Amino acid sequence: MPAGPGMMTGGPMASSHRPDSSGSNMTNRLAGPPIGPGSQPTAPQQPPIMRPPATLAPSQLSTQLSGMHLSGQSRPPVQISNYSSGPPTKPGFGSEPLVSPPANFYHPPGSFPQGINGGPAPPTSSPDQPFQPPGQQQHGSLPPSQYMNGSMGPPPAHIPVQGGNIPVAHRSVPPTGVPPQSGGIPTQHRGMLPPFGGMPQSGTVPPLTQPGPPTGKSYPSLDMYHPNAGVPPKMQQPPMGPQGPAASYRSPHQHMGPQQPPHPFMQSQPARLFVPENLPSPVTKDDEHNGDLIFDMNEEGVTTHFSTRDGSNASPRYIRSSMHSIPSRINMMKEVAVPFCLVVSPLARTSDEDVLPPVIDMGKIGPVRCIRCKAFMCPFMQFIDGGKRFRCPFCKATTEVPQEYFQQLDDTGLRVDQFQRPELNQGAYEFVATKDYCRNKTLPKPPALIFLIDVSYNNIISGLVHLLHNQIKEILKLLPKDEGAETSNMRVGFITYSKEVFLYSFKTSFPCPMVMWGDVEKNSVSMPEVFLCDAAESEAAIKNLMKYIFTLYDDTTETETVLAPAIQTGLRALQASKCAGKLLVFHSSLPTAEAPGKLKNRDDKKLLGTEKEKKLLAPQGNVYSSLGQECAVAGCSVDLFIFNNSYIDLATIGQVSRFSGGEIHKYSNFQADVDGERLIADIKHDVSRPVAFDAAMRVRTSTGVRATNFYGHHFTSNTGEMILGSIDCNKALTIEIKHEDDLTKEDGVYIQVALLYTSCGGQRRIRILNLSLNKCIQMRDFFRRCDQGTIINFIAKQTVFRLLESSRKSVKENLVNQCAQMLACYRKCERRASERQLILPVSMEFLPLYVYCILKSDVVSGSDMTIDDRSFLMQAVTIMDIPSSVEFFYPRLIPLHDIDVDSDELPSSIPCSSDKIRNDGVYLLDNGFHLVLWIGSNVDMKWVENVFGVHSAAHIDTDSTSLPVLDNALSARIKFVIDSVRKERHRCMRVSVQCFSTVILRLLYRHVFCCL
């Protein structure tokens, strides 16, 4: 078993504390000079210091609101200002001078909880004092310069308008756009929809004092829902009226009473019951964004396009929580009904500005760990007794510090080398593991990649085998390697099968590989003497092998195939070679040959949408499930490339990928001349992306909470570890956290995710991700700091698993009720609001939209598709990270008819609603699986001629999967946009051209909140 209990329940720290020896483990070479006693520590790379950005003067609301008619200028983008920073203060030493960290080290307050390395406790709330984020305090009268630099939040403002005073709402707006709250900046107010009926409300309410976000901007009230509320600046709607200087700071939103007379100008406008433009929308008109933002990782939210700077909490690219203020009481947690969950993508790609997690080599002592819960050393550990012991924040146990790791404490109680050791000041880092973390305490070999090619009639006639023969050389050049390595250490092997399984030996003395045969019925196989080879050294032999395979099976008529024995053979080959690896299986038909894993055809599309639907979506038998678990334990994952022309029972054979940590790629009715480019692009991406092999993951939490359910492609062992044959940068695991007990007064919630794995170069490592969360006792504080994207990701994955156990109708009802309960709980917090007003928390204002999209999606309501397509989408959703899941359920719609040919950026998206589609327009619809280019019936013929080279849209070849190459600026620009969208996805999407078709409208109706 890969490192299961061994890595997560035990591990070497001191000579008197040996790890549990069960499970797979770690080896490795030093990626840098050792850090520890006897060697000079290397100072970490210091990030640039954040400076408060310049802000604009507050603006004035000059138009009264009535019904659903809104007026006011769209808000300018807001830049995040720097919180005041300083070194942490040790409890009991508040009046004493502190030892300052390095001059350029940025460390915002609140990074270390109370008692943890001397830092202050996470902020909490009370009935007398509302919640405030770290570094943000209430303030009184200050000079205007202090308000305008963004460090003290917005100045007090009061807006005199005709007919009464309208409160001003303050909000931090994410700097860039795409679907909302895919990680947003913390918000300080709620939004609400206007009262139904379109009747104007009046009256005034005394302003409430409430801290605002660290910015000097003022925005219109949210009494009548502002169209740009919660919308990133790059996607805001066009301005609808002037604004002027503000004069006072009011409540985040105010409810108009009957005493206020309607605005004279608005009285002449007819009252409308419903105006769709005023509904919250994930995307609106583009707006400029000035400045590059760097987000400190002690802040809980970030936007889709961002750079990060580690500061005791890991980057949100790696780990995200659905809530950042945890209710301190169990009863409150049950009442809010918001799921507490984590989305973990431990190998997520980083931006060019981000710094990769540092690799730490502790030498023979290995990583320092807690003696009780086995948590790894992290910034939340508190050193006591002069640095001789440390207290664990997860289990409260005290552990002696190994002599080799000992260091003195300064007068504030901090280690003097705290800022030189990444494990004491960063949230994401890696340890080089010792032999105690390796299988049989032996350093691992580099992983291997095995190609299993179905050589039956279907794959020969479609051109697949010939395509692989021509492209295998280019594919093997992209084998992954460790950072800093010049070449890849991974080896490759080849297996072919139809009704029989064949392996191929690579002996340097033979110019052509030797064929070895395996007995399928007895499931036994003779291993070749040299099965795995170095791709570079055996390039000529591999070329001869692919030519031999193509020639041998060129005229085959075999249609029956096996599958389970072929995968079993690949697993046995890896085990015989004593290494981990991945199997790439190219399969074409339902395995009906007499062998283990034979399946029956149970295709019955009529059952979709009925009570018996769950039987079709569940696997038949447990052969492939057991095989997937066996692969995971052996450190082997299985990626399936499916080329079916008919029913293949993906719900069953897909289990081997699900339990082994693999992935499924599906190409229905594959033809090499049409889909070959897309297939080769997917194989190259699969082979080259960052990946960890033979992995095991464990989640540790502080007292009061516990990890319970796990969603994703993995196998859960009896010890609660997630075992993965491999995990790559495109996969995410979602973990449900259960609130079991009231939280203590002095601490918040601490979470540590540890991933033990073998790198591409054969080095055993442990990646550590740390996260600390605040606690709260008021519901308003709780709803301010929820993460909408994480909630949607969890709900979607939970829905997929429920569909396998319950009927579609009951699953939909439960999902709607859960969403209604969340919003109803927030409604109770705002009792002053009118009963006819729908109030939504800003942090979850698009939750109804996304829930509706989930209900309408093919994953839940796909009755008009094949069972295999439905199973494929369900399994694809279970491995999605947050950006992928949000954009899958709410697709991106890009207009191309008025594109700027001189720009080098992607055009702005528009709301995914049918009322935005024009008959004279051209649109590109993208959800990560489909890329539809829709051309309206009245499109400009000049546009068609420049892009397609024909004089009429009726003459466009809609069967083509690529655009013609024409020598003009518009053609080059359209191709650039399509290529850029493809590069953002890890699946290569085929372009589908639709002229005057209702296909895009049908897709919109599946994903849209209001189609008018």
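Along each chain, residue indices are assigned from 1 in the same order as the chain's sequence is written. For this predicted model, a pLDDT threshold of at least 70 governs which residues receive local features, and a threshold of 80 or more governs which side-chain atom pairs are given and counted, while totals over whole chains, interfaces and linings are taken from all residues. Side-chain numbers come from the whole structure's heavy atoms, not from hydrogens or water.

### Topic: the overall build of the chain
Now for step 1: A tally of regular secondary structure across the chain gives 24 helices and 34 strands.
Now for step 2: The rule is simple: take the accessible area with a 1.4 Å probe, protein chains only, and divide by the maximum for that residue type; under 20% is buried, over 50% is exposed, in between is partly exposed. In the chain, which comprises 1012 residues, the share counted as buried stands at 62%.
Now for step 3: In the chain, of all internal contacts separated by at least 6 residues, the share reaching a separation of at least 24 is 77%.
Now for step 4: Counting only carbon and sulfur atoms, one obtains 51% of the accessible surface of the chain, whose full area is about 38200 Å². Labels follow the DSSP assignment, with helices taken as runs of H or I lasting at least four residues and strands as runs of E lasting at least two, numbered in each case from the N terminus. Contact criterion: two residues are considered in contact whenever any of their non-hydrogen atoms come within 4.5 Å of each other. With residues, only the protein chains shown are counted as cover, and all accessible areas are computed by Shrake-Rupley using a 1.4 Å probe.

### A short note on the packing of helix 7 (residues 464–476) against helix 14 (residues 672–688)
The relative placement of two packed helices comes down to the angle between their axes together with the axis-to-axis distance.
Now for step 1: Axis definition: a line fitted to C-alpha atoms, over the contacting stretch in the case of helices. Angles run 0 to 180 degrees between N-to-C directions. As a packed pair, helix 7 and helix 14 sit with axes 11 Å apart at the nearest point and diverge in direction by 40°. It follows that helix 7 is oblique to helix 14 by the angle criterion. Note on packing geometry: the crossing formed by helix 7 with helix 14 is right-handed. Contacts from Leu-464, Leu-467, Leu-468, Gln-471, Glu-474 and Ile-475 of helix 7 reach helix 14 at Gly-676, Leu-679, Ile-680, Ile-683, Lys-684 and Val-687. Angles below 35 degrees are treated as roughly parallel, those above 145 as roughly antiparallel, those between 65 and 115 as roughly perpendicular, and all remaining angles as oblique. What makes a crossing left-handed is the near helix being turned counterclockwise from the far one by less than a right angle; a clockwise turn instead makes it right-handed.

### Overview of unusual backbone geometry
Now for step 1: Although it is not a glycine, Ala-337 sits at a positive phi angle of roughly 65°.
Now for step 2: Counting through the fold element by element, Ala-337 comes out in the loop between helix 4 (330–336) and strand 8 (341–344).
Now for step 3: Even without glycine at this site, Lys-441 takes up a positive phi of about 55°.
Now for step 4: Turning to its location among the elements, Lys-441 is positioned in the loop between strand 13 (428–432) and strand 14 (448–454).
Now for step 5: The exposure class assigned to Lys-441 is partly exposed, which follows from its relative accessible area of 43%.

### Things to note about the state of the cysteines
Now for step 1: Defined by distance alone, a disulfide is two cysteine sulfur atoms within 2.5 Å. Applying the stated criterion across every chain yields a total of zero disulfides.
Now for step 2: Cys-853 takes part in no disulfide bond, and the closest cysteine sulfur, belonging to Cys-912, lies 7.5 Å away.

### As for the environment of Ile-567
Now for step 1: Among the secondary structure elements, Ile-567 is positioned in helix 9 (residues 564–577).
Now for step 2: Judged by its relative accessible area of 0%, Ile-567 falls in the buried class.
Now for step 3: Separated by 66 residues in sequence, Ile-567 and Val-501 place their C-alpha atoms 9.7 Å apart.
Now for step 4: The residues contacting Ile-567, other than those within four sequence positions of it, are Leu-452, Leu-583, Val-585, Leu-627, Cys-631, Val-638 and Val-656.

### Examining the pairing of strand 21 (residues 636–642)
Now for step 1: Most of strand 21 is tucked away, with seven of its seven residues classed as buried.
Now for step 2: Burial along strand 21 is two-sided: the residues Cys-636, Val-638, Leu-640 and Ile-642 and Ser-637, Asp-639 and Phe-641 are all buried.
Now for step 3: Should DSSP find at least two bridges between two strands, the strands are regarded as paired. Pairing of strand 20 (residues 581–587) with strand 21 involves seven bridges; the strand directions are parallel. Residue Gly-581 lies in a different strand from strand 21, and its bridge partner there is Cys-636.
Now for step 4: Bridge analysis of strand 21 against strand 22 (residues 664–666) gives three bridges, and the strand direction is parallel. Bridge pairing in strand 22 links Leu-640 to Ile-664.

### Side note on the pattern of salt bridges
Now for step 1: The salt bridge criterion pairs a side-chain nitrogen of Lys or Arg with a carboxyl oxygen of Asp or Glu, the two atoms within 4 Å. Enumeration over the complete set of coordinates arrives at 38 salt bridges.
Now for step 2: One salt bridge in this structure joins Arg-389 and Asp-385, with 2.4 Å as the shortest N-O distance.
Now for step 3: Taking relative accessible area as the criterion, Asp-385 reaches 44% and is therefore assigned partly exposed.
Now for step 4: Between Glu-474 and Lys-477 there is a salt bridge, and its shortest N-O distance comes to 3.7 Å.

### Comments concerning the environment of Phe-783
Now for step 1: Along the chain, Phe-783 turns up in helix 15 (residues 779–784).
Now for step 2: For the pair Phe-783 and Pro-841, spaced 58 residues apart in the sequence, the C-alpha separation amounts to 6.4 Å.
Now for step 3: With residues near it in sequence (within four places) discarded, Phe-783 still touches Val-336, Val-338, Met-822, Cys-825, Tyr-826, Pro-841, Ser-843 and Met-844.

### Focus on the packing of aromatic side chains
Now for step 1: Here a Phe, Tyr or Trp ring, Trp counted by its six-membered ring, pairs with any other such ring whose centre lies within 6.5 Å, and the pair is stacked when the planes are under 30 degrees apart, edge-to-face when over 60, and tilted otherwise. Going through the model one piece at a time under the given rule, you end up with 22 aromatic pairs.
Now for step 2: Note on Tyr-711 and Phe-794: the rings are 5.7 Å apart at their centroids and 80° apart in plane angle, and the pair reads as edge-to-face. With Tyr-711 in strand 24 (residues 705–711) and Phe-794 in helix 16 (residues 788–803), this residue pair connects regions lying 83 residues apart in the sequence.
Now for step 3: An angle of 65° between the planes, with centres 5.3 Å apart, marks the rings of Tyr-711 and Phe-801 as edge-to-face. Taken together, the residues Tyr-711 in strand 24 and Phe-801 in helix 16 connect sequence positions 90 residues apart.
Now for step 4: Judged by its relative accessible area of 9%, Tyr-711 falls in the buried class.
Now for step 5: An aromatic cluster is built from Phe-451, Phe-494, Phe-506, Phe-586, Phe-641, Phe-643, Tyr-667 and Phe-670, whose rings are joined through pairwise contacts.
Now for step 6: Looking at Arg-415, its charged tip hangs above the ring of Phe-383, at a distance of 4.9 Å from the centre.
Now for step 7: Over the ring of Tyr-405 we find Arg-415, and its NZ or CZ is 4.5 Å from the ring centre. The criterion is that NZ of a Lys, or CZ of an Arg, lies within 6 Å of the ring centre and within 35 degrees of the ring normal, and then a charge sits over that ring.

### Focus: the sheet that holds strand 32 (residues 922–926)
Now for step 1: Strand order across the open sheet formed by four strands is 31-32-33-34, with mixed pairing between neighbours. Unpaired on one side and paired on the other, strand 31 (892–895) and strand 34 (991–995) mark the two borders of the sheet. In this sheet, neighbouring strand axes are inclined to one another by 20° on average, regardless of whether the strands run parallel or antiparallel.
Now for step 2: In the sheet, strand 31 pairs with strand 32 via four bridges, with the strands oriented antiparallel. Note that in strand 32 the partner of Arg-892 across the bridge is Asp-926.

### Comments concerning the sheet that holds strand 11 (residues 389–391)
Now for step 1: What the three strands build is an open sheet, ordered 10-11-12; its pairing is antiparallel. Taken across any chain shown, the strands that pair with only one partner, and hence form the sheet edges, are strand 10 (382–384) and strand 12 (398–400). Between one strand axis and the next, the sheet turns by 30° as a mean value, whatever way the strands run.
Now for step 2: By the bridge criterion, three bridges tie strand 11 to strand 12 in an arrangement that is antiparallel. By the bridge assignment for strand 12, Phe-390 is matched with Thr-399.

### Remarks on the side chain of Arg-700
Now for step 1: Along the chain, the position of Arg-700 falls in strand 23 (residues 691–701).
Now for step 2: Glu-721 provides the closest opposite charge to the buried, unpaired Arg-700, separated from it by 6.4 Å.
Now for step 3: Counted as a polar contact is a pair of N or O atoms within 3.5 Å, where, for protein atoms, one must be capable of donating a hydrogen and the other of accepting one, and residues adjacent in sequence contribute only when both atoms are in side chains. Here Lys-374 takes part through its backbone oxygen, which lies 3.4 Å from a polar atom of the side chain of Arg-700. Counted as positive: Lys and Arg. Counted as negative: Asp and Glu, with His and the chain ends omitted from the count.

### Remarks on the pairing of strand 13
One face of the sheet, then the other: side chains in a regular strand alternate in exactly this way.
Now for step 1: For strand 13, the buried fraction is high: five of the five residues fall into the buried class.
Now for step 2: With burial as the criterion, each face of strand 13 is covered, one bearing Ala-428, Glu-430 and Val-432 and the other bearing Tyr-429 and Phe-431.
Now for step 3: With two bridges connecting them, strand 9 (residues 359–360) and strand 13 associate as parallel partners. Bridge pairing in strand 13 links Val-359 to Glu-430.
Now for step 4: Sheet topology note: the strand 13/strand 29 (residues 764–776) ladder contains five bridges and is antiparallel. Bridging from a neighbouring strand, Val-432 pairs with Arg-765 of strand 29.

### Points about helix 16
Now for step 1: Here helix 16 is 16 residues long and its end C-alpha atoms lie 23 Å apart, about the 22 Å a rise of 1.5 Å per residue gives.
Now for step 2: Within helix 16, 15 of the 16 residues are buried, leaving the element largely enclosed by the surrounding structure.
Now for step 3: Of the residues flanking the start of helix 16, the one acting as N-cap is Asp-787, its side-chain oxygen 3.2 Å from the backbone nitrogen of Gly-789. Any helix carries an expected span of 1.5 Å times its number of residues minus one.

### Notes on the confidence of the model for the chain
Now for step 1: The pLDDT score gives, residue by residue, the confidence of the prediction method on a 0 to 100 scale. In this model, the chain carries a mean pLDDT of 74, and residues with pLDDT of at least 70 account for 66%.
Now for step 2: Counting contacts from residues 1–274, a segment whose pLDDT is below 50, to residues more than four positions away or on other chains yields 762 contacts.

### Details of the side chain of Ser-488
Now for step 1: When you line up the elements, Ser-488 lands in the loop between helix 7 and strand 15 (491–497).
Now for step 2: According to the relative accessible area criterion, Ser-488 is buried, its value standing at 18%.
Now for step 3: At 2.7 Å, the side chain of Ser-488 and the backbone oxygen of Pro-480 are in polar contact.
Now for step 4: Of the polar contacts made by the side chain of Ser-488, one reaches the backbone nitrogen of Met-490; its length is 3.2 Å.
Now for step 5: Setting aside residues no more than four positions away along its own chain, Ser-488 makes contact with Leu-479, Pro-480 and Lys-481.

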